[in-house]
Amino acid sequence: MRWPPYKHIFFDCDSTLTAVEGIDILAESSGKQWRVEVLTQAAMDGELDLEDIYARRLQAVKPTHQQIRDIRRAYKQHRVQDAKPLISALQELGHEIYIISGGLLEPVREFGVYLGIPTEHIHAVGITYNELSGQWWLEGNEQYMAYEDGALTVSDGKAEIVQKLLYGRSGRSLLVGDGHSDLLAARAVNLFAGFGGVVQRQQVLEGAPLFLQSSSLAPLLAIAAGPAAIRRLIGTPHEALSRKALDLIHTGAIKFNDERLKAKFNAAFDVAYQAINTKPGRSASAAHGDLDIPDESISN
């Protein structure tokens, strides 16, 4: 039974590609952490609409331009395990990678570029600043004034962005995310994969056709490219990631809520797993640890 590849892969950013929430980083730096975390959690769990809390969180924090810039460092330092090598491998296989995030555009865009994603494939929320607020004469001290209201500041807006990006393009599509807004956007793609490697949200765990229960994103290589495709990576720089992906799947990294989907994937997976594990030269480094090499530029 064949598992089809997904040409277009859309990632959420916060708690999916990075283990932090940008708004929580701002709240911590402003001493408003508890208040903002409560609102964020309620929105991610679907208890409050994102449009009801977006302005409230930013008004509570009132960040400076420099505080928003500083999110980029936290994103890089806390990148989810194997995010960077996964994106590299998928791109080498010919997949198109995107980020669609309700986070703030400047740090999300820089983080996405660091991961190897083209800027035109990165979509987040723009910010305007009051150029005459605070110590405006010092660079980076301009204070937040407003955000650009749009599809990414409402709970059910991501689907609109996905549909626009897919218009006129061929190939199947996959969305990966952890929150309620990602689950709602599932209607715009061929497959939605819930991600619980940072936080498991019950609504997503139960509502996603498949749910990744691994702290590593490596199993998405098999989901997105197809188990047969990752066999082609054996003998390339992506071999360790391929073996790690299959090992994690073999030990239960994916929970399926759709039994037909489960049967289809397992049939294709079993063939790929047996083929790869009968080849000589199995790398011990494939089974454990983060395959992403630490980057000295993170401190910048």
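Counting restarts for each chain, with residues numbered from 1 along the sequence as it is written. Since the coordinates come from a predicted model, pLDDT governs what is reported: local features require at least 70, and pairs of side-chain atoms require 80 or more to be given and counted, while whole-chain, interface and lining totals use all residues. For side-chain calculations, the full set of non-hydrogen atoms in the structure is used, while hydrogens and water are omitted.

S.K.: It is not clear to me how the overall build of the protein chain should be interpreted in this structure. Could you clarify?
M.R.: Runs of H or I in DSSP of at least four residues are treated as helices and runs of E of at least two as strands, each being numbered from the N terminus. From N to C terminus, the protein chain includes 14 helices and 9 strands. Along the first, second and third principal axes, the C-alpha set of the protein chain runs to 65 × 40 × 35 Å. Here's how the labels work: a residue is buried when its accessible area is under 20% of the maximum for its type, exposed when over 50%, partly exposed in between, all with a 1.4 Å probe on protein chains only. Split into buried and exposed, the 300 residues of the protein chain put 53% on the buried side. Should any heavy atoms of two residues lie within 4.5 Å, those residues are counted as being in contact. The long-range fraction of contacts in the protein chain, counting pairs at least 24 apart against all pairs at least 6 apart in sequence, stands at 69%. Carbon and sulfur atoms make up 49% of the accessible area of the protein chain, which amounts to about 13200 Å² in all. For the protein chain, the distance from the average site of its 30 positive side-chain charges to the average site of its 37 negative ones is 6 Å. Every accessible area reported is derived by Shrake-Rupley at a probe size of 1.4 Å, with residue values counting cover from the shown protein chains alone. Charged-residue counts in this description rest on Lys and Arg as positive and Asp and Glu as negative, His and the chain ends being excluded. For charged residues, the charge sits on one atom: NZ in Lys, CZ in Arg, CG in Asp, CD in Glu.

S.K.: Quick question: what am I supposed to make of the pairing of strand E2 (residues 96–104) here?
M.R.: For a regular strand, side-chain orientation follows a simple rule: the groups alternate between the two sheet faces. Counting buried residues along E2, 7 of its 9 residues qualify, which places the element largely inside the surrounding structure. Sheet analysis places strand E1 (residues 8–11) next to E2, joined by 4 bridges and oriented parallel. Looking at E2, one finds that phenylalanine 10 is bridged to tyrosine 98. Between any two strands, pairing holds if DSSP finds at least two bridges. Sheet analysis places E2 next to strand E3 (residues 122–125), joined by 3 bridges and oriented parallel. Bridged to isoleucine 100 within E3 is histidine 123. By the criterion used throughout, a crossover qualifies as right-handed when its path from the first strand across the helix to the second strand runs clockwise, the strands pointing away from the viewer. The parallel pair E2 and E3 is bridged by helix H7 (residues 105–115), and the resulting crossover is right-handed.

S.K.: Mind showing me how you'd approach the sheet that holds strand E6 (residues 173–177) here?
M.R.: Adjacent strands of a sheet pair through backbone hydrogen bonds, lying either parallel or antiparallel. In spatial order, the strands read E3-E2-E1-E6-E7-E8-E9; together these 7 strands make up an open sheet with mixed pairing. Strands at the two margins of the open sheet, each flanked by one partner only, are E3 and strand E9 (254–256). In this sheet, adjacent strand axes meet at a mean angle of 20° when their direction is disregarded. Bridge count for strand E8 (residues 210–212) against E9 is 3 bridges, and the pairing is antiparallel. The partner of leucine 210 across the bridge, within E9, is phenylalanine 256. Here an axis means a line fitted to C-alpha atoms, over the contact stretch when the element is a helix, while the angle between two N-to-C directions is reported on a 0 to 180 degree scale. Along the sheet, helix H8 (residues 158–166) makes contact with E1, E2, E3 and E6, crossing E2 at roughly 150°.

S.K.: Help me out: how do you make sense of the environment of threonine 251 in this one?
M.R.: Along the polypeptide, threonine 251 turns up in the loop between helix H13 (239–250) and E9. Given the relative accessible area of 63%, threonine 251 is considered exposed. Of note is the side chain of threonine 251, whose polar atom sits 3.0 Å from the backbone oxygen of leucine 248. Polar contact criterion, stated in full: a pair of N or O atoms within 3.5 Å, where within protein one must be able to donate a hydrogen and the other to accept it, and residues adjacent in sequence count only if both atoms are side-chain atoms.

S.K.: Can you help me understand the confidence of the model for the protein chain in this one?
M.R.: Close inspection of predicted coordinates is inappropriate in any region flagged by low pLDDT. A residue's pLDDT is the confidence the predictor assigns to it, expressed on a 0 to 100 scale. Averaged over all residues, the pLDDT of the protein chain is 88; the fraction at 70 or higher stands at 90%. Across residues 282–287, confidence stays below pLDDT 50; counting only partners more than four residues off in sequence or on other chains, it has 10 contacts.

S.K.: Mind showing me how you'd approach unusual backbone geometry here?
M.R.: Among all residues except glycine, the phi angle is most often negative; among peptide bonds, the trans geometry is most common. The phi torsion at lysine 62 lies on the positive side, around 50°, for a residue other than glycine. Take lysine 62: it is sitting in the loop between helix H3 (50–61) and helix H4 (65–69). For aspartate 82, which is not a glycine, the phi torsion comes out positive at approximately 70°. Relative to the helices and strands, aspartate 82 resides in the loop between helix H5 (71–77) and helix H6 (83–92). According to the relative accessible area criterion, aspartate 82 is buried, its value standing at 0%.

S.K.: It is not clear to me how the layout of surface pockets should be interpreted in this structure. Could you clarify?
M.R.: Computed from the structure, the largest pocket encloses a volume of approximately 280 Å³. A pocket here means an open set of points on a 1 Å grid, computed over the protein atoms alone, that has protein on both sides within 12 Å along at least five of seven lines. A cavity is instead a set of points where a 1.4 Å probe fits but cannot get out; residues with an atom within 4 Å of a point line either one. Forming the walls of the largest pocket are 21 residues, and the residues nearest its centre are Trp3, Ala225, Gly226, Ala228 and Ala229. Residue assignment for the lining of the largest pocket shows that the elements contributing at least two residues are helix H12 (227–231) and helix H14 (259–277). Each residue is assigned to one of three groups, with Ala, Val, Leu, Ile, Met, Phe, Trp, Tyr, Cys and Pro labelled nonpolar, Asp, Glu, Lys and Arg labelled charged, and all others, Gly among them, labelled polar. Its residues placed into classes, the lining of the largest pocket shows 13 nonpolar, 3 polar and 5 charged. Looking at the second largest pocket, its volume works out to about 190 Å³. Along the walls of the second largest pocket sit Trp3, Pro4, Tyr6, Arg172, Asn190, Leu191, Pro209, Asp258, Arg260, Leu261 and Lys264, which together make up its complete lining. In terms of residue count, H14 provides more of the lining of the second largest pocket than any other element does, 3 residues in total. Taken together, the residues of the lining of the second largest pocket break down into 6 nonpolar, 1 polar and 4 charged. Grid points are joined across faces, edges and corners, and a volume is the space filled by probe spheres set on the points.

S.K.: Looking at this model, I keep getting lost on the side chain of serine 173. Mind explaining?
M.R.: Turning to its location among the elements, serine 173 is positioned in strand E6. Given the relative accessible area of 2%, serine 173 is considered buried. Aside from chain neighbours lying at most four places away, what touches serine 173 is Tyr6, His8, Phe10, Leu166, Ala188, Val189, Asn190 and Leu191.

S.K.: Is there a simple way to think about the packing of helix H2 (residues 33–44) against H3 in this case?
M.R.: Two quantities define a packed helix pair, namely the angle between the axes and the distance from one axis to the other. Following both chains from N to C, one finds H2 and H3 inclined at 165°, their axes separated by 10 Å at the closest point. As far as their axial angle goes, H3 and H2 are roughly antiparallel. Read as a crossing pair, H2 and H3 show a hand that is left-handed. Contact residues: Arg35, Val36, Leu39, Thr40 and Ala43 in H2; Leu50, Ile53, Arg56, Arg57, Ala60 and Val61 in H3. Counted by class, the contact of H2 with H3 contains 7 nonpolar, 1 polar and 3 charged residues. Relative orientations are named as follows: roughly parallel for angles under 35 degrees, roughly antiparallel for angles over 145 degrees, roughly perpendicular for angles from 65 to 115 degrees, and oblique for any other angle. Two helices that cross are described as forming a left-handed crossing if the nearer one is turned anticlockwise from the farther one by less than a right angle, and a right-handed crossing if clockwise.

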